[in-house]
Structures are given as C-alpha cells and as structure tokens.
2 protein chains.
Amino acid sequence: MKKSLGAKTLGAVPVWVVGSYDHAGKPNVMTVAWAGICCSKPPCITISLRKATYTYGSIVARKAFTVSVPSEAHVKEADYFGLVSGKTVDKFAVSGLTPVKSDLVDAPYVAEFPLVIECKLLHSFDIGLHTMFVGEIMDVKAEQDVLGADGSLDVQKMNPIILGAGSMQYLKLGGVIGQAFEVGRGEGKSG
Amino acid sequence: MKKSLGAKTLGAVPVWVVGSYDHAGKPNVMTVAWAGICCSKPPCITISLRKATYTYGSIVARKAFTVSVPSEAHVKEADYFGLVSGKTVDKFAVSGLTPVKSDLVDAPYVAEFPLVIECKLLHSFDIGLHTMFVGEIMDVKAEQDVLGADGSLDVQKMNPIILGAGSMQYLKLGGVIGQAFEVGRGEGKSG
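Note that this is a predicted model, so its numbers are computed, not measured. (Residues numbered from 1 in each chain as written. Chains lettered and ligands numbered in written order. Predicted model: local features only at pLDDT ≥ 70, side-chain atom pairs only at ≥ 80, totals over all residues. Heavy atoms only, no water.)

### Quick notes on the overall build of chain A
Turning to step 1, where the next piece is worked out: Helix and strand counts for chain A stand at four helices and 13 strands.
Turning to step 2, where the next piece is worked out: For a compact globule of 191 residues, the expected C-alpha radius of gyration is about 16 Å, and chain A comes in at 18 Å, within 12% of that figure.
Turning to step 3, where the next piece is worked out: Each principal axis of the C-alpha distribution contributes one length, and for chain A these read about 65 × 45 × 35 Å.
Turning to step 4, where the next piece is worked out: Taken over 191 residues, chain A has a buried fraction of 59%.
Turning to step 5, where the next piece is worked out: Intrachain contacts of chain A at a sequence separation of at least 6 include 57% that bridge at least 24 residues.
Turning to step 6, where the next piece is worked out: By element, 52% of the accessible surface of chain A is carried by carbon and sulfur atoms, the whole surface being about 7,100 Å².
Turning to step 7, where the next piece is worked out: Here chain A contributes 19 positively and 18 negatively charged side chains, and the mean placements of these two sets differ by 9 Å. (Helix = DSSP H or I, 4+ residues; strand = E, 2+ residues; numbered from the N terminus. Rg over C-alpha atoms; globule rule 2.2 N^0.38 Å. Buried < 20%, exposed > 50% of the residue type's maximum accessible area, 1.4 Å probe, protein only. Contact = heavy atoms within 4.5 Å. Areas by Shrake-Rupley, 256 points an atom, 1.4 Å probe, with all protein chains shown as cover. Lys, Arg positive; Asp, Glu negative; His and termini not counted. Charge placed at Lys NZ, Arg CZ, Asp CG, Glu CD.)

### As for the sheet that holds strand 2 (residues 11-14) of chain A
Turning to step 1, where the next piece is worked out: What the six strands build is an open sheet, ordered 2(A)-12(A)-13(A)-13(B)-12(B)-2(B); its pairing is antiparallel. One side of each edge strand has no neighbouring strand; the edge strands of this open sheet are strand 2 of chain A together with strand 2 (11-14) of chain B. In this sheet, adjacent strand axes meet at a mean angle of 45° when their direction is disregarded.
Turning to step 2, where the next piece is worked out: Summarising the sheet, strand 2 of chain A and strand 12 (residues 162-165) of chain A pair through four bridges and their orientation is antiparallel. Residue A:Ala12 lies in a different strand from strand 12 of chain A, and its bridge partner there is A:Gly164. (Pairing = 2+ DSSP bridges. Axes fitted to C-alpha atoms, helices over the stretch in contact; angles between N-to-C directions.)

### Some thoughts on the interface of chain A and chain B
Interfaces are often sized by the amount of accessible area the parts lose when they come together.
Turning to step 1, where the next piece is worked out: On the side of chain B, 96 residues touch chain A, which itself brings 96 residues to the contact.
Turning to step 2, where the next piece is worked out: Counting each side, the surface lost to burial between chain A and chain B is near 8,100 Å², with a carbon and sulfur contribution of 66%.
Turning to step 3, where the next piece is worked out: Looking at the side of chain A facing chain B, the largest losses of area belong to A:Lys2, A:Ile37 and A:Ile177, adding up to 11% of the total buried there.
Turning to step 4, where the next piece is worked out: At the junction of chain A with chain B, the criterion picks out two salt bridges. (Buried area = accessible area lost by both parts, 1.4 Å probe. Salt bridge = Lys/Arg side-chain N within 4 Å of Asp/Glu carboxyl O.)

### Quick word on the pattern of salt bridges
Turning to step 1, where the next piece is worked out: As enumerated under the stated definition, the model contains 16 salt bridges over all chains in all.
Turning to step 2, where the next piece is worked out: Notably, a salt bridge pairs B:Glu118 with B:Lys141, separated by 2.6 Å at the nearest N-O pair. With B:Glu118 in strand 10 (residues 115-126) and B:Lys141 in strand 11 (residues 130-143), this pair connects stretches of sequence that are 23 residues apart.
Turning to step 3, where the next piece is worked out: For B:Lys141, a relative accessible area of 10% corresponds to the buried category.
Turning to step 4, where the next piece is worked out: Shared partners join several salt bridges into a network, and the residues in it are A:Asp103, A:Glu118, A:Asp139 and A:Lys141.

### Brief notes about unusual backbone geometry
Turning to step 1, where the next piece is worked out: Looking along the chain, the bond that leaves A:Lys41 and enters A:Pro42 is cis, with omega of -5°.
Turning to step 2, where the next piece is worked out: Among the structural elements, A:Pro42 can be located in the loop between strand 5 (35-39) and strand 6 (44-50).
Turning to step 3, where the next piece is worked out: A positive phi is found at B:Lys63, a non-glycine position, where the angle reads about 55°.
Turning to step 4, where the next piece is worked out: With respect to the secondary-structure elements, B:Lys63 resides in the loop between helix 1 (54-62) and strand 7 (64-69).
Turning to step 5, where the next piece is worked out: Even without glycine at this site, B:Asn159 takes up a positive phi of about 55°.
Turning to step 6, where the next piece is worked out: Looking at the secondary structure, you find B:Asn159 in the loop between helix 4 (155-158) and strand 12 (162-165).
Turning to step 7, where the next piece is worked out: On the accessibility criterion, B:Asn159 (23% relative accessible area) is partly exposed.

### Brief notes about the relation of the copies chain A and chain B
Turning to step 1, where the next piece is worked out: Turning chain A through 180° and shifting it by 0.0 Å along the axis lays it on chain B, with an RMSD of 0.0 Å. Taken together, the rotation and translation relating the two chain copies correspond to the operation of a two-fold axis.
Turning to step 2, where the next piece is worked out: An overlap of 100% is found between the interface residues of chain A and their copies at the interface of chain B, pointing to a shared contact surface. (Least-squares fit on C-alpha atoms with pLDDT ≥ 70 in both.)

### Section: the packing of aromatic side chains
Turning to step 1, where the next piece is worked out: For the coordinates displayed, the defined rule picks out five aromatic pairs over all chains.
Turning to step 2, where the next piece is worked out: On the numbers, 6.0 Å between centres and 55° between planes, the contact of B:Tyr80 with B:Phe81 is tilted. (Phe/Tyr/Trp six-rings, centres within 6.5 Å; stacked < 30°, edge-to-face > 60°.)

### Observations concerning helix 1 (residues 54-62) of chain A
Turning to step 1, where the next piece is worked out: For helix 1 of chain A, every residue scored as buried is listed here: A:Tyr54, A:Thr55, A:Tyr56, A:Ser58 and A:Ile59.
Turning to step 2, where the next piece is worked out: Looking at the residues trailing helix 1 of chain A, positive phi occurs at A:Lys63, about 55°.

### Section: the nonpolar core
One recurring pattern in soluble globular proteins is that nonpolar side chains are buried together.
Turning to step 1, where the next piece is worked out: Of all hydrophobic cores here, the largest spans 88 residues; its most connected members are A:Ile47, A:Phe65, B:Ile47 and B:Phe65.
Turning to step 2, where the next piece is worked out: Setting aside residues no more than four positions away along its own chain, A:Ile47 makes contact with A:Trp16, A:Val18, A:Val32, A:Trp34, A:Ala35, A:Ile59, A:Phe65, A:Val67, A:Thr131, A:Met132 and A:Phe133.
Turning to step 3, where the next piece is worked out: Counting 14 residues, the second largest nonpolar core, distinct from the first, contains A:Cys39, A:Ile127, A:Met132 and B:Cys39. (Core = buried A, V, L, I, M, F, W, Y, C linked by side-chain atoms within 4.5 Å.)

### A short note on helix 1 of chain B
Each α-helix winds once per 3.6 residues, and so residues spaced three or four apart point in a common direction.
Turning to step 1, where the next piece is worked out: Of all the positions in helix 1 of chain B, only B:Thr55, B:Tyr56, B:Ser58 and B:Ile59 are classed as buried.
Turning to step 2, where the next piece is worked out: Its buried side turned inward, helix 1 of chain B meets strand 3 (16-21), strand 4 (27-32), strand 6 (44-50), strand 7, strand 10 and strand 11 of chain B.

Below you can see the structure in the form of structure tokens.
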C-alpha cells in the first residue's frame, strides 16, 4: 500500500554545473539538478533555470551554455555555485577553479571537472517557475582518467554527484548492477 | 588536457518506467532514461520518447502518464520494458508485475516499484528523433519502507537505478557525500 506524498519533485537526478558568459564577458557558473538528456538526434540536453537567475539572461543573450559535470572531489564548489549569484560574486575567482573558453560555443567550462558538454541553445520553453533550455550538444570533452580502455566515458571513474531530491542529499554512485539492453533479455522466456 | 569524444549524449541519468493505457485500455510500460525534473512550480517532470514507440500515441491520446521508479531488485523487468514494444507484447503479463490504475490521471503504474509519479500531460515539444513530454505532477506515492523517520522520501532506501550513458551500464547509488545547499557554505570564506 503506497502512501501519498503530495505533488512534489522527487527522485535521483544529476548535478550539473552550467557555464555562461555575462554581458561583460565575465565567466559564470551555476549548479542545476533539474536537467537531463532529452534527444539522441540531434544529441541534446535540457537544463531548467528560474528567470531570476543571473545565468538565465546570459544564456538568452549568448545562445550558448556548457555543462561541466563535477566529481565528488568538487562537491563543495558545486554546492557553492548553487548558493550565490554571479550577479554579485565572481564564482570562479572565489572557488579558485579555472574557466576555459569553449572553442565551439560562446560559453566557458570548468577546467578541473572531468566531463564537459558544449551546447548551442536550440529552444527555450517557459514551464512555470522554471524555463527549460534545450541545448544541442556540439561536443563532449573528458579527462583521460575517466575514459575506459576503449576510449569511451567510464561513468564510474567520473564519480559524478547525484542529487536525492527529497532528502536533498548529494549521493555518489555505487557498483554496477548490469548492462543496459541486456540484463532483461531473458525476461518472460523461462516461465 | 581534455579529449574530444564528439557530439554524444553522455552522463549519469535516472532510469524511469513510463506507464500508459493504449486505445483499448491495455496497460503498458516502457523504460526511459532521457528524463528528469524540469520545474518546481508547478512541479513537473520531462520524459523523451521516439514517435515510433507505442507509448507515444497512448500519452498523446490520454493526455496522461505515470513514472514508476524501479529499484535494483527489478532491474531485469526495467530493462525488459525497454527492449520490447507494447504493440505486440503485454509487458505486465510477461513480467508478472501488477498494473494499478491511478486515481488521479488516466494511466497505470507498477504496484511493485517503490515510487510512482502521476502526471497530466502539460506540453509536448518535438526536438528531433525524440519528443519531450512535460507532465505536471499530480501526486507522488511511495512505499512506507522507502520513507525516512520524518515521512519524506529516502532516496538511498529507494535504491534506484542510474544509467551510465556512455558505457550503458545500470549503476546503483553509493553513500552520502553531503547535504545540498550546505556543504558549500564555507566556500571562499576561509582563504
């Protein structure tokens, strides 16, 4: 018997750091967890922001953003990036992290984070308090030490941060459960 | 120095099972990982589906869907739900799992999964190969054993499945890294 918890946003979702340039060209970062992959062709991600954020105006003006995926080692910086506004603070300067100008889109990413996704703004949808930005992925760049032997991303090595929306805890990944599009193949065939 | 991986959909994203009724009222489920929370007010989630899926037409017609969040214990069923089409298979019957009619929206959910999110279709956005459905959350229901002492969702107890997009592995959650909106408070104040 399930218990009603009310109309709430609950689940285990990714913690992503969105990079953008403001009107003066100052690099800024903010942390989002209302975000995800949203299309395979063209490859796209979506991030949701409140219009009140400093990043909102920057993305609208520059038509670009990046996502830098923090690993556990940078949880303090990632959390900090969601606590203060780029309107009043230079978050790169305070955190000591390094902005890198993307060579593909008009936005900066975080040098120290293991994975970065460079996006051109494709769509903007007003949903309510949050606006969904859909960005087309122009490239993904990763540090060598989060790649597997075949050169593809090893998500476990990346050691990303997951937000438990509900308890609002940052969680790490544990072990492998199984291979997608494989572990369910026998289902319904043995009985 | 980062290595370019190309324009790909990579990251650690949630594994959700979408429930819907077809034209004949047959309950169906499909697994998605292109999905996430997208707005706080009204509380909304987004799921991305290809138009070719059987679920696509059901959601458009019924203007509703559910998300049932599988735990590790049901990884085989969750994977299976993404391997076959409800057009030709009764996935509930084959898997032995139980469809429950939502009392709030015109869609079924999976009784055996610990968390369910009941949504009315709010928007549909064609991005490319995938269409983003935005659903307004009407209620979230959870099993008692995934709730903390204060009655709120404990994501660790829920033991959800995360997809490592890249290696395409199902991963489990590990331990708590820290509290959101808290661990970064000291940042920039000590130096």
